[in-house]
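# Working through the structure, step by step
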Number of protein chains: 2
Amino acid sequence: MIDVVIADDHTLMLESLAEALDSIPDIRVVGTAANGAELVEQTRQQRPTVLLVDIEMPQVSGIAALRELAGAIPAIVVTMHTGEAERRQAEAAGAVGFLSKATPLPDLAAAVRAAAAGEQLLDTETLAEVLDRHRAPQLDAGAASLTAREREILRHLAQGVSATDELADLLFISQKTVKNHLANIYDKLAVADRAQAAVEAIRLGLHRDPPD
Amino acid sequence: MIDVVIADDHTLMLESLAEALDSIPDIRVVGTAANGAELVEQTRQQRPTVLLVDIEMPQVSGIAALRELAGAIPAIVVTMHTGEAERRQAEAAGAVGFLSKATPLPDLAAAVRAAAAGEQLLDTETLAEVLDRHRAPQLDAGAASLTAREREILRHLAQGVSATDELADLLFISQKTVKNHLANIYDKLAVADRAQAAVEAIRLGLHRDPPD
DNA sequence: CACACGGTAGGTCGGTAGCCCTATGGTGTC
DNA sequence: GACACCATAGGGCTACCGACCTACCGTGTG
């Protein structure tokens with residue numbers, strides 16, 4: 001699990017991003033900050049794995065905060081203005097990454113994983129390759145080994161279909177087969193019953209997978 | 001359920017906000033757009049209840065897109081620059097609301113509900129009052145009538161504690177009482193078992209309520 | 001071709017979840 | 001003070017769930 005603190009002065013951006021990142025299974029948002037001072041405070045209190053920092057913030061800027069933290073924790077700078085000047089500033093302040101706000105969310109998640117793994121993300125040349133290497137949300141071992149049919153059952157479970165007979169009807173198979181699949185799912189996810197399996201399925205985001 | 005289409009040229013903002021709004025029980029994001037042209041297309045295809053539009057977008061601006069849609073669907077303009085000029089532009093283009101990107105997420109959600117209910121949000125004087133009236137995420141009738149103890153049990157359920165004896169131990173009550181509470185919960189949430197109750201609890205956001 | 005694996009199906013059995021009912025003490029309200 | 005509501009607890013019963021086992025067939029892989 002990667003603990004992240006996010007700093008951005010636009011509340012909407014801050015709260016949305018926190019919410020979105022938090023819903024990624026292997027990332028947890030442990031603090032948010034609206035300015036550099038709060039960022040320093042949150043970082044010292046929460047000891048996160050990675051920082052996500054907007055440059056443009058009132059009072060104490062992101063750059064100033066990073067300088068104060070002196071690279072103790074890998075920080076990714078996320079900014080609207082991706083000019084060379086800003087990039088150099090961020091690099092000088094000790095950031096390990098420099099990303100535009102036009103970055104897709106999955107790429108940002110990959111960047112967070114890369115930073116947590118100690119990678120450097122400043123080099124524009126190799127950025128795509130580094131992100132690619134951290135794209136897989138490394139599902140919790142067992143979850144990765146779920147078969148297509150098992151995922152399908154989990155999806156229905158996460159959508160509120162819990163009864164064996166209803167699941168059997170939905171998949172056009174016997175109740176016996178449903179119970180067999182469920183038993184295999186319990187084994188792989190290390191859970192005991194369908195309530196826990198449903199919770200886990202939602203945590204893994206299976207509840208909004210395509211019906212196909 | 002309120003269907004929303006969001007337009008913003010910053011991918012990170014767009015995707016984060018979509019994710020965050022989607023996780024609100026009574027709001028569903030049915031489309032996203034990176035520019036005005038996509039916004040018009042998504043709106044015509046999806047027929048959403050409310051539009052959330054950033055002004056500053058490449059190619060076709062949010063204002064131009066709103067003018068083209070001619071107020072067919074209530075639109076809330078969300079912008080970084082909240083000057084009088086922008087406000088007048090938004091109003092002239094037919095927007096029913098004009099909010100800063102410094103708006104907290106719950107306020108934006110309230111604004112979306114207000115817009116869906118046909119309210120005007122342009123008047124700065126009455127804005128706070130209007131938002132207040134739409135603050136309550138109008139939980140699905142039954143959910144609102146849950147007692148504190150029932151919510152506590154649902155919270156644990158949503159966090160993966162499903163067995164009756166474990167719940168009883170956690171709450172220092174008998175298994176009988178747990179089963180009674182659960183029966184009342186099933187009744188109020190209109191579900192049949194703890195798997196469905198867990199799914200519903202997570203949908204209501206109870207899984208990250210404070211342990212208090 | 002043998003083998004592994006996934007999807008399918010069945011049997012048995014014990015435990016428990018869910019349903020119906022009653023009951024009591026506390027708390028708050030009119 | 002009567003009443004409603006909540007949290008607590010129990011009895012009894014049935015149906016279902018989950019655990020463990022075997023089995024067959026098709027597909028793909030070595």
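Residues numbered from 1 in each chain as written. Chains lettered and ligands numbered in written order. Predicted model: local features only at pLDDT ≥ 70, side-chain atom pairs only at ≥ 80, totals over all residues. Heavy atoms only, no water.

This part covers the sheet that holds strand β4 (residues 75–79) of chain B. Residues and elements named next belong to chain B. Spatial strand order, β2-β1-β3-β4-β5: five strands in an open sheet with parallel pairing. The open sheet has two edge strands with one neighbour each: β2 (27–33) and β5 (97–100). Taken pair by pair, the neighbouring strands of this sheet meet at an average axis angle of 25°, ignoring direction. In this structure, β4 lies alongside β5, joined through four bridges in parallel fashion. Looking at β5, one finds that V78 is bridged to L99. (Pairing = 2+ DSSP bridges. Helix = DSSP H or I, 4+ residues; strand = E, 2+ residues; numbered from the N terminus. Axes fitted to C-alpha atoms, helices over the stretch in contact; angles between N-to-C directions.)

A separate point is the protein's contact with DNA strand C. Taken together, 16 residues lie around DNA strand C, and A:T147, A:R149, A:S174, B:T164 and B:R194 are the ones closest in. Backbone sugar and phosphate groups make up 62% of those atoms of DNA strand C lying within 4 Å of the protein. Measuring from a base oxygen of DNA strand C, one finds a side-chain N or O atom of A:K176 at 3.1 Å. Contact distances for DNA strand C include 2.9 Å between a phosphate oxygen and a side-chain N or O atom of A:H181. Mapped onto the surface near DNA strand C, the elements with two or more residues apiece are α7 (148–158) and α9 (175–189) of chain A together with α9 (175–189) of chain B. For the surface near DNA strand C, the element with the most residues is α9(A), which contributes four residues. Taken together, the residues that form the surface near DNA strand C break down as four nonpolar, seven polar and five charged. (Near = heavy atom within 4 Å. Polar contact = N/O pair within 3.5 Å; in protein donor to acceptor, adjacent residues only side chain to side chain. Nonpolar A, V, L, I, M, F, W, Y, C, P; charged D, E, K, R; others polar.)

Looking now at the relation of the copies chain B and chain A. Rotating chain B by 180° about the axis while translating it 0.0 Å along that axis superimposes it on chain A, leaving an RMSD of 0.2 Å. Look at the turn and shift together and you get a two-fold axis relating the two. Rotation axis and chain B: the residue whose C-alpha lies nearest the axis is B:A195, separated from it by 1.9 Å. With an isologous cut-off of 70% or more, the 100% of interface residues of chain B that recur at the interface of chain A puts this contact in the isologous class. (Least-squares fit on C-alpha atoms with pLDDT ≥ 70 in both. Contact = heavy atoms within 4.5 Å.)

Looking at DNA strand D, there are 17 residues lining it, with A:R194, B:T147, B:R149, B:S174 and B:K176 nearest. For DNA strand D, the backbone portion of the atoms within 4 Å of the protein, that is sugar and phosphate, comes to 59%. In this structure, B:T177 approaches DNA strand D through a side-chain N or O atom, which is 2.9 Å from a phosphate oxygen. Sorting the residues of the surface near DNA strand D by element identifies α9 of chain A together with α7 (148–158) and α9 of chain B as the ones contributing at least two each.

Moving on, we come to unusual backbone geometry. Residue and element names in this part refer to chain B. Here the phi dihedral of R47 falls at roughly 50°; this positive angle occurs in a residue that is not glycine. The residue R47 is located in the loop between α2 (36–46) and β3 (50–54) in this model. Note on R47: relative accessible area 59%, which makes it exposed. Not every positive phi belongs to a glycine, and A190 is a case in point at roughly 60°. (Buried < 20%, exposed > 50% of the residue type's maximum accessible area, 1.4 Å probe, protein only.)

Before going further, it helps to examine the pairing of β3(B). All names here are of chain B. The buried fraction of β3 is high, at five of five residues. Here β3 shows two buried faces, one formed by V50, L52 and D54 and the other by L51 and V53. Here four bridges tie strand β1 (residues 2–7) to β3, and the two strands are oriented parallel to one another. The residue of β3 that forms the bridge with V4 is V50. Relative to β4, β3 runs parallel, the two sharing four bridges.

So, on to the interface of chain B and chain A. The partner chain A presents 32 residues to the 32 residues of chain B that form the contact. Interface area, chain B with chain A, both sides summed: about 2700 Å², of which 66% is carbon and sulfur. Taken as a group, B:L12, B:E19 and B:V199 account for 23% of the area that chain B buries against chain A, more than any other trio of residues on that side. Viewed at the interface, chain A and chain B are joined by two salt bridges. For the pair chain B and chain A, the number of links is 18 residue pairs in polar contact (both at pLDDT 80 or more). The set of elements that each furnish at least two residues to the side of chain B that touches chain A consists of α1 (11–22), α5 (105–116), α7 and α10 (194–203) of chain B. Tallying contributions element by element places α1(B) first for the side of chain B that touches chain A, with eight residues. Each residue belonging to the side of chain B that touches chain A can be placed in one class, and the counts come to 17 nonpolar, nine polar and six charged. (Buried area = accessible area lost by both parts, 1.4 Å probe. Salt bridge = Lys/Arg side-chain N within 4 Å of Asp/Glu carboxyl O.)

Among the nonpolar cores identified, the biggest contains 62 residues, and A:L21, A:I76, B:L21 and B:I76 are the most heavily contacted of them. Look past the residues within four positions of B:I76 in its chain and what remains in contact with it is B:V50, B:L51, B:L52, B:V53, B:V96, B:G97, B:L99, B:A111, B:V112, B:A115 and B:L121. Core analysis: the next-biggest nonpolar cluster, separate from the first, contains 46 residues, B:A158, B:V161, B:A201 and B:L204 among them. (Core = buried A, V, L, I, M, F, W, Y, C linked by side-chain atoms within 4.5 Å.)

Now for the environment of B:I153. All names here are of chain B. Note on placement: I153 falls in helix α7. Looking at I153, the relative accessible area reads 0%, which means it is buried. For the pair I153 and I185, spaced 32 residues apart in sequence, the C-alpha to C-alpha distance is 9.1 Å. Contact partners of I153, with chain neighbours within four places excluded, come to L167, L171, V178, H181, L182 and I185.

The next subject is the packing of helix α8 (residues 164–171) of chain A against α9(A). In a packed pair of helices, the relevant descriptors are the angle between the two axes and the axis-to-axis distance. All names here are of chain A. It is the contact of α8 with α9, at a shortest axis distance of 8 Å, that shows an interaxial angle of 105°. Taken together, the axes of α8 and α9 are roughly perpendicular relative to one another. Residues T164, D165, L167 and A168 of α8 form the contact with α9, whose own contacting residues are Q175, V178 and K179. Class assignment of the residues belonging to the contact of α8 with α9 gives a composition of three nonpolar, two polar and two charged. (Parallel < 35°, antiparallel > 145°, perpendicular 65-115°, else oblique.)

In short, shape yes, function no, at least from these values alone.
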